[in-house]
Amino acid sequence: QVQLVESGGGLVQAGGSLRLSCTASGHTFEIDTMAWFRQAPGKERGFVANILWSGSKTAYLNSVKDRFIISRDSAKNTMYLQMNSLKPEDTAVYYCAAQRLGAGKYDWWGRGTQVTVSS
């Protein structure tokens, strides 16, 4: 089993920045890919970005590609999401997720951290 804990959410004005962290514990050797998802009020949870645990490849939702940066520190078992130029539409609960190699789905999820961007 892998446990994921997010931190770093909060309230920020439009144009501001936040950095989210997700720390993994437990059987971290099983992790192949980690990701950030988000869920805004009244909407389904959707993909934001992911990263291979090796750090060699990343992918982003188009609407955040030029503003957010996903990274990881394998020594700390921690993934980050640097969010810049935040917009009110980025307001959501942000979830961390992790996937085994070849799993085809995300096996483990954190409880989420709230990000609120005021206009």
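Residues numbered from 1 in each chain as written. Predicted model: local features only at pLDDT ≥ 70, side-chain atom pairs only at ≥ 80, totals over all residues. Heavy atoms only, no water.

(A) View of the overall build of the chain. Across its full length, the chain carries zero helices and eleven strands. Secondary structure of the chain in N-to-C order comes out as β-β-β-β-β-β-β-β-β-β-β. Against the globule reference of 14 Å for 119 residues, the chain gives a C-alpha radius of gyration of 13 Å, in line with a compact fold. Each principal axis of the C-alpha atoms in the chain carries an extent, and together these give about 40 × 25 × 25 Å. By the burial criterion, 42% of the 119 residues in the chain qualify as buried. At a minimum sequence separation of 6, the contacts of the chain that also span at least 24 residues come to 53%. Carbon and sulfur atoms provide 48% of the accessible area of the chain, an area that totals close to 6300 Å². Both charge centroids of the chain, one from 13 positive and one from 9 negative side chains, sit 2 Å from each other. (Helix = DSSP H or I, 4+ residues; strand = E, 2+ residues; numbered from the N terminus. Rg over C-alpha atoms; globule rule 2.2 N^0.38 Å. Buried < 20%, exposed > 50% of the residue type's maximum accessible area, 1.4 Å probe, protein only. Contact = heavy atoms within 4.5 Å. Areas by Shrake-Rupley, 256 points an atom, 1.4 Å probe, with all protein chains shown as cover. Lys, Arg positive; Asp, Glu negative; His and termini not counted. Charge placed at Lys NZ, Arg CZ, Asp CG, Glu CD.)

(B) How the structure looks around the pattern of salt bridges. Enumeration according to the criterion identifies five salt bridges in this entry. Of the charged contacts in the structure, one is a salt bridge between Glu-30 and Arg-100, with a shortest N-O distance of 3.0 Å. A residue pair is termed long-range when its members are at least 10 positions apart, and Glu-30 in the loop between β3 (18-26) and β4 (31-39) and Arg-100 in strand β9 (residues 92-100) qualify at 70 residues. Exposure remark for Glu-30: the relative accessible area of 23% places this residue in the partly exposed category. Note on Arg-100: relative accessible area 32%, which makes it partly exposed. For Asp-107, the salt bridge identified is with Arg-100, shortest N-O distance 3.0 Å. By sharing partners, the salt bridges in this structure join Glu-30, Arg-100, Lys-105 and Asp-107 into a single network. (Salt bridge = Lys/Arg side-chain N within 4 Å of Asp/Glu carboxyl O.)

(C) The arrangement of the environment of Trp-108 in detail. When you line up the elements, Trp-108 lands in strand β10 (residues 108-109). A relative accessible area of 5% means that Trp-108 is categorised as buried. With 41 residues separating them in the primary sequence, Trp-108 and Arg-67 have C-alpha atoms 26 Å apart. If we skip the residues at most four places from it in the chain, Trp-108 touches Gln-1, Val-2, Leu-4, Glu-30, Ile-31, Cys-96, Ala-97, Ala-98, Gln-99 and Arg-100. Here the side chain of Trp-108 touches Gln-1 through a polar contact of 3.4 Å, side chain to side chain. (Polar contact = N/O pair within 3.5 Å; in protein donor to acceptor, adjacent residues only side chain to side chain.)

(D) Here's a closer look at the sheet that holds strand β8 (residues 78-83). The antiparallel open sheet is built from four strands, whose spatial order is β1-β3-β8-β7. Of all the strands in the sheet, just β1 (2-7) and β7 (68-73) have a single pairing partner and so form its edges. Sheet twist, expressed as the mean angle between neighbouring strand axes with direction ignored, is 15°. When β1 meets β3, the two strands line up antiparallel, connected through six bridges. Along β3, the bridge assignment pairs Ser-7 with Ser-21. (Pairing = 2+ DSSP bridges. Axes fitted to C-alpha atoms, helices over the stretch in contact; angles between N-to-C directions.)

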